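Coordinates in review
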Amino acid sequence: MIEILEPGMLVRHPLHEDWGLGQVQSRIGQRVTVNFEHAGKVVIDGARVELRLVIGPER
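Residues numbered from 1 in each chain as written. Predicted model: local features only at pLDDT ≥ 70, side-chain atom pairs only at ≥ 80, totals over all residues. Heavy atoms only, no water.

Attention now goes to the pairing of strand E4 (residues 40-45). Note: strand E3 (residues 31-36) against E4, six bridges, orientation antiparallel. Counted as the bridge partner of threonine 33 is valine 43 from E4. (Pairing = 2+ DSSP bridges. Helix = DSSP H or I, 4+ residues; strand = E, 2+ residues; numbered from the N terminus.)

Here you go:
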C-alpha cells in the first residue's frame, strides 16, 4: 500500500485516530512524512505501519 502514497494524499494512522487527518508530505522508500491535524509532522515507517488512505467524505 505504501507504494501508492504521494504528497497531498490524505491518510489516518490506524493506531492513533486521535491524531486526526494527515496529509502526506513525502515518501522516500519505506519512510513517509505525514502532517497530522493534532500531532504535527510525523515520520512513519511504512514497513511497520499501514496508513489508511482517506477517500471521499471521511474527512
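A separate point is the pairing of strand E2 (residues 22-28). Looking along a regular strand, one sees the side chains alternate between the two faces of the sheet. Strand direction decides the pairing type here: strand E1 (residues 10-12) and E2, joined by two bridges, are antiparallel. Residue pairing for E2: valine 11 is matched across the bridge by glycine 22. The pairing of E2 with E3 spans six bridges and is classified as antiparallel. Across the sheet, glutamine 23 pairs through a bridge with asparagine 35, a residue of E3.

Here we take up the environment of valine 34. Structurally, valine 34 is set in strand E3. Put simply, valine 34 and leucine 21 are 13 residues apart on the chain and 9.5 Å apart in space, counted from C-alpha to C-alpha. Other than its neighbours up to four places away in sequence, valine 34 contacts Val11, Gly22, Gln23, Val24, Gln25, Gly40, Lys41, Val42, Ile44 and Leu51. (Contact = heavy atoms within 4.5 Å.)

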